[in-house]
Amino acid sequence: MTEFIETLNDLEKERYQKVLRLRERGVNPYPPRAKRTHTIAEARESFEKGEDPGIITLVGRMTANRWTGKITFADIRDGSGRIQLFLRQNNLGDETYKNFLKDYDLGDFVQATGTLFQTKTGELTLQVAELELLAKAIAPMPEKYHGLTDKETRYRQRYLDLMVNEDVRAVFRTRQRIVTAMRAYLDRKGFIEVETPALQPLYGGALAKPFVTYHNELERNLYLRIADELYLKRLLVGMYERVYEISKDFRNEGVDATHLPEFTMMECYQAFGDLSDMMQVVEDIFVECAQAALGTLQITYGEHQVDLTPPFARVAMRDAILEKTGIDIYVDDSFEKLQARIAERELSVEPQLSWGKLVEKLFGAYVEPTLIAPTFIIDFPTDISPFAKKKPGDARVTERFEIYVAGGEYGNAFTELNDPEDQWQRFMEQQSNRARGDVEAQQMDDDYVQALKHGMPPTGGLGMGIDRLTMLLTNQHSIRDVVLYPQLRN
RNA sequence: GGGCCGCUAGCUCAAUCGGCAGAGCAACAGCCUUUUAAGCUGCAGGUUCAGGGUUCGAUUCCCUGGCGGCUCACCA
């Protein structure tokens, strides 16, 4: 039988001896409760207002220690901030003070009771009359000056990253403010938050490869959702007018600075709305979230200064591509013609399966990186937009937009396709794409077509990537830095 | 998936044209009653990612693998 102590490294063993010593003295190194009277921020605020809060009890993790013989200055931090403790042998008593020096370490959670004062350098400090251990740290904290910088350790042991890197904690607090602001906006606009299946018998609503799992009792494969879209739109058939969901979606694809296998998406649908209503929602959400996160619409993302003040520009995909490449996709409006034109110009576009996919590639390579100011790109090819209504008078493209900022995409919206026959035909086309090797093609969803046969009102729908939006508003350039526990290899 | 770079003490980093692996912080033993990355004295701490190869000798050079980062391609 392995003893716990055998699992510890030398530094941890050293500290574990302190746990044993504390217990011998009758001190519980892990007492069940704290008796905090103020957070550190509350104590500071109270003092700064000129009130003397008197005898208070603060708690926190000890993160620095400066001892000078019979006095010690120690820093503690709680979730609200940092404060300095002043510990003096005369005040605490010889025994307590010596035990403090001997058995307390950086990283320990402590509880200190005393009164606030300012040192001669003016720093607000708690003069400690009573000190108790709240939780003994056996493992040492990362180095106090450089902190923790190794990315692998930061992601694998996020608690250490959060413990010592306050800016990282700030990013995740901002992320939550963004989500809260988005939710508050949608709630205010009458959207009802709903929950739809993460395990789906058919996957759909986006073009992506799924994760497959198996249900033993049902004896069938299930897919982790790649999107919520088709379930949410069924709710509009069921007479809800405005619904939304903020959820994890799962896509079995590459991992890089902007992609993880699970990510967070907001999707909302508005009956009797259309593409222009969704543009309004996007503009509002950018404003509300930027204000919540930063308090301003003037943001910095890497080298870019971006003004998020609406209205955002609207540019047809055809015009954007024409401007950047000289190719008019409405002239070269078939797969063969466009492919020939791309070859003739020696543009670097990977082989594709359709006109729409070629258009998308051209756009991604030559236009997307140039879209710095917020821009709605409209009129997407129909064959890459199987759930969007065709543009009246031009079946080649759909009533769809994507919103681009700082060279990246942040949302995707349609006037939703509600004609069951057209939707059925789109599914059939996707089936033939699948037969030609398009592994991301949609599966036929008979029940969804059945739902449309019962009538879905004209609808505007929108999806926005929460991780991407958080990256933009926190000036982070890797999705791993806005996701608490990003997937890594084992 | 391709290319490039990296992996050394708990943390942050050195070093070696291939020759005893060493600093700071943290720890440990001390000194020090107003410190701010406190200071000072002393002491300890290593499977140099793993395995193989070349060599008298490999942390260093080579190969394979693992993990991470960046980047290109694809997807949000």
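A. Region of interest: the overall build of chain A. In terms of helices and strands, chain A carries 15 helices and 19 strands. Computed over its C-alpha atoms, the radius of gyration of chain A comes to 29 Å, more than 25% above the 23 Å expected for a compact globule of 490 residues. The principal-axis extent of the C-alpha atoms belonging to chain A is close to 90 × 55 × 50 Å. Buried residues in chain A amount to 49% of all 490 residues. For chain A, the proportion of contacts with a sequence separation of at least 24, taken over those separated by at least 6, is 63%. Surface accessibility of chain A: about 23900 Å² in total, with carbon and sulfur atoms responsible for 50%.

B. Looking closely at helix α4 (residues 94-103). Buried within α4 are the following residues: Tyr97, Asn99, Phe100 and Asp103. Buried positions in α4, seen along its axis, are confined to an arc of 160° and lie on one side of it. More than 90 degrees from the buried face of α4, the exposed residues found are Glu95 and Lys98. The inward-facing, buried residues of α4 abut α1 (10-24), β1 (56-68), β2 (71-78), β3 (81-88), α3 (89-92) and β5 (124-135).

C. Main features of the state of the cysteines. By the definition in use, this model includes zero disulfides. Free of any disulfide, Cys268 has its nearest neighbouring cysteine sulfur in Cys289, separated by 12 Å. We classify Cys268 as buried; its relative accessible area is 0%. You can call Cys289 buried: its relative accessible area is 0%.

D. Seen up close, the nonpolar core. Core analysis: the largest hydrophobic core is formed by 48 residues, its most contacted members being Met266, Phe286, Phe401 and Leu462. Top element by residues in this core is helix α9 (residues 275-294). It accounts for 10 residues. Excluding its chain neighbours within four sequence positions, the residues that come into contact with Leu462 are Met266, Glu267, Cys268, Met278, Val281, Val282, Phe401, Asn412 and Ala413. Of all hydrophobic cores here, the second largest spans 23 residues; its members include Ala74, Ile83, Leu124 and Val128.

E. Main features of the pairing of strand β15 (residues 375-381). Most of β15 sits inside the fold, with seven of its seven residues counted as buried. Here four bridges tie strand β14 (residues 313-316) to β15, and the two strands are oriented parallel to one another. Residue pairing for β15: Ala313 is matched across the bridge by Thr375. Strand direction decides the pairing type here: β15 and strand β17 (residues 394-405), joined by six bridges, are antiparallel. From the neighbouring strand, Phe376 faces β17, where its bridge partner is Ile403.

F. View of the sheet that holds strand β9 (residues 220-224). The strand order across the open sheet built from three strands is β7-β9-β8, with neighbouring strands paired in antiparallel fashion. Two strands close off the open sheet at either side, each with one partner strand: β7 (199-200) and β8 (212-215).

G. Region of the structure containing the pairing of β9. Across two bridges, β7 lies against β9 in antiparallel orientation. Looking at the pairing, Gln200 lines up with Tyr223 of β9. One ladder, built from four bridges, connects β8 with β9; its direction is antiparallel. Of the residues in β9, the one forming a bridge with Thr213 is Leu222. Where β8 folds back on β9, the antiparallel hairpin that results is connected by four residues, among which Glu219 adopts a positive phi of roughly 50°.

The rules behind the values
- All residue numbers refer to positions counted from 1 along the written sequence of the respective chain.
- Chain A is the first chain written and ligand 1 is the first ligand written, with later ones labelled in order.
- A pLDDT threshold of at least 70 governs which residues receive local features in this predicted model, and a stricter bar of 80 or more applies before side-chain atom pairs are shown or counted, although totals over entire chains, interfaces and linings include all residues.
- Hydrogens and waters are ignored; side-chain quantities use all the structure's heavy atoms.
- What counts as a helix is a DSSP run of H or I of at least four residues, what counts as a strand is a run of E of at least two, and both are numbered from the N terminus.
- This radius of gyration counts C-alpha atoms alone. The globule rule is 2.2 Å times how many residues there are, raised to the power 0.38.
- Categorising residues by exposure relies on relative accessible area from a 1.4 Å probe, with only protein chains included: less than 20% of the type maximum marks a residue as buried, more than 50% marks it as exposed, and the intermediate range marks it as partly exposed.
- In this analysis, two residues are considered to be in contact whenever any of their non-hydrogen atoms come within 4.5 Å of each other.
- To measure how exposed things are, a 1.4 Å probe is used in the Shrake-Rupley method; for residues, cover is taken only from the protein chains shown.
- The reported arc concerns the directions from the helix axis to the C-beta atoms and nothing else.
- Here, a disulfide means two cysteine sulfur atoms that sit within 2.5 Å of each other.
- Nonpolar cores were defined as sets of buried Ala, Val, Leu, Ile, Met, Phe, Trp, Tyr and Cys residues, with membership established by side-chain atoms within 4.5 Å.
- Strands were regarded as paired on the criterion that DSSP finds at least two bridges between them.

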